[in-house]
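# Notes for the structure review
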Amino acid sequence: MVWPDRLRRVNFTNPLNGRRWLQLLAPDPRHGIRFQPDLDLAKPELGFSFRSNRLGLRGPMATDAPRVLLGTSFAMGLSVDNGDNWYEQLLEPGQWFNAAMPVGPQNQIRVLDDLYTGSGETLLYVYHPNVWKTAQGYLTADRAGRDIFSVMRWKADRASTLKLLPRWLAKEVAKTGSGLAHYARIGGEPWYFNAGYCHLDLAAQTGLFEEVMGHFNALFARFDKVVALRVPIKEELAAERGWSQQLQTLASGYDAFWNAFAGRVAGHVITAALPRDAFEFGDFLPYDTHWSARGNATFCRLAQPILRSAGVTGLIGHG
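One structure accompanies this document, and this report is about it. Counting restarts for each chain: residues are numbered from 1 in the order of the written sequence. Where local features are concerned, this predicted model is filtered to residues with pLDDT of at least 70; where side-chain atom pairs are given and counted, the filter is 80 or more; whole-chain, interface and lining totals use all residues. Hydrogen atoms and water are omitted, and side-chain values are computed over all heavy atoms in the structure.

With that settled, the discussion passes to the overall build of the chain. Under the scheme used here, helices are H or I runs from DSSP no shorter than 4 residues and strands are E runs no shorter than 2 residues, and both carry numbers assigned from the N terminus. When helices and strands are counted, the chain shows 13 helices and 11 strands. Any pair of residues with heavy atoms lying within 4.5 Å of one another is described as a contacting pair. Restricting the contact set of the chain to residue pairs at least 6 apart, pairs at least 24 apart contribute 74%. Total accessible area computed for the chain in this model is approximately 13,300 Å², and 52% of it derives from carbon and sulfur atoms. Each accessible area is a Shrake-Rupley estimate made with a 1.4 Å probe; only the visible protein chains count as cover when residues are assessed.

The next subject is the packing of aromatic side chains. Aromatic pairs are defined between Phe, Tyr and Trp rings, using the six-membered ring for Trp, whenever the two ring centres lie within 6.5 Å; interplanar angles under 30 degrees are classed as stacked, those over 60 as edge-to-face, and all others as tilted. In the structure shown here, the tally under the stated rule is 32 aromatic pairs. Between W132 and F261 the ring centres are 6.5 Å apart and the planes differ by 75°, which places this aromatic pair in the edge-to-face class. Taken together, the positions of W132 in helix α7 (residues 131-144) and F261 in helix α12 (residues 245-262) put the pair 129 residues apart, joining distant regions of the chain. Buried means the residue's accessible area, taken with a 1.4 Å probe over protein chains only, is under 20% of the maximum for its type, while exposed means over 50%, and partly exposed covers the values in between. Given the relative accessible area of 0%, F261 is considered buried. Consider the rings of W191 and F193, whose centres lie 6.2 Å apart with planes at 20°: the pair is stacked.

It is worth spelling out the packing of helix α6 (residues 105-115) against helix α10 (residues 206-220) at this point. In this description, a line fitted to the C-alpha atoms serves as the axis of each element, helices being fitted only across the stretch in contact, and the angle between N-to-C directions of two axes falls anywhere from 0 to 180 degrees. Taken N-terminus to C-terminus, the directions of α6 and α10 make an angle of 30°; their axes are 8 Å apart at the nearest point. Here α6 lies roughly parallel to α10, going by the angle between them. At the point where α6 passes α10, the crossing takes the left-handed sense. Of the residues in α10, those touching α6 at P105, Q106, Q108, I109 and L112 are V212, H215, F216, A218 and L219. Polar here means any residue outside two lists: the nonpolar Ala, Val, Leu, Ile, Met, Phe, Trp, Tyr, Cys and Pro, and the charged Asp, Glu, Lys and Arg; Gly therefore counts as polar. Here the contact of α6 with α10 is built from residues that sort into 7 nonpolar, 3 polar and no charged. An angle below 35 degrees is read as roughly parallel, one above 145 as roughly antiparallel, one from 65 to 115 as roughly perpendicular, and any other as oblique. Left-handed describes a crossing whose near helix is turned anticlockwise from the far helix through less than a right angle; right-handed describes the clockwise counterpart.

Okay, the pairing of strand β1 (residues 25-28) next. Bridging between β1 and strand β2 (residues 32-35) involves 4 bridges; their strand directions are antiparallel. Bridged to A26 within β2 is R34. Pairing between strands is defined by DSSP: at least two bridges between them are needed. Hairpin geometry of β1 and β2 is characterised by an intervening segment of 3 residues between the two adjacent antiparallel strands.

We now examine the pairing of strand β10 (residues 225-230). The buried count for β10 comes to 5 of 6 residues, which makes it a mostly enclosed element. Summarising the sheet, strand β7 (residues 122-127) and β10 pair through 6 bridges and their orientation is parallel. Across the sheet, residue V126 finds its bridge partner in β10, namely L229.

Interhelical geometry of α10 versus α12 gives an angle of 45° and a closest axis separation of 11 Å. The orientation of α10 relative to α12 falls into the category oblique. Crossing angle aside, the handedness with which α10 passes α12 is right-handed. Counting all contacts with α10, which are made through F209, M213, F216 and F220, the residues of α12 involved are F257, A260 and F261. In terms of residue class, the contact of α10 with α12 is made up of 7 nonpolar, no polar and no charged.

Function cannot be read off these values alone, since they describe shape.
What follows is the structure, encoded as structure tokens:
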């Protein structure tokens, strides 16, 4: 497996890359965050081509569509070229409103309140384990009356980035020593795994779980049919191979939140966890957490029969 240099550079935890990403975003008092509208970036800007629409979201602006796509960045589409995002290959244009952004479900309720005019026939929620930690940040910002940039101390100016770089490097060295940063060679190429990625202990975060679960149920109640599909991340694949105890602890924490979530959703919500062993490392990017183009295709292949079995329409080639 030989990766082009541009794919190795897709790593938004690196402040130099993160700066380019943050410059595309703007805080929103209700929706949490939005893209700058009408972006159309060529591959050299981020390592992949990228577009936003007039609303500051991804995909066609089908706000009156009967079906809605939500989730965090895996649902939104990131780190692959335009045309390689899974929803561009699976969902019929004009039949779905892609309102997904890396925000919490409370913010997503507000997005629908403010923008969505469709019938609410179907919601496809791509469940990624980062949703709880993501929601926590936006709830903190909401309660403090501040925007997410100030709460998370995100800065995109050059001077701040240069100051942050040595601290980031020092933290990465410390994480490597503690085992939270795990490096491996796969197919002759270096890979990075973050054993602390969005890690939360459910037993210590029951208040957060209850609050966010309430938002999930309010969100799901807006739709006649809901399918929540859990997607694995590459750290979970590494955990199954027993590469480190920290990775195994991380994966166990993800499972705990998913099991609690699946046990608390309403009866009309179909939950399904895509099998980890159906994904390979090549379905992800070496330094980024997101899918490669191949991973987007793998998700399409796995999701399509689940959606069809659930009676979901508006799929490319299947009505």
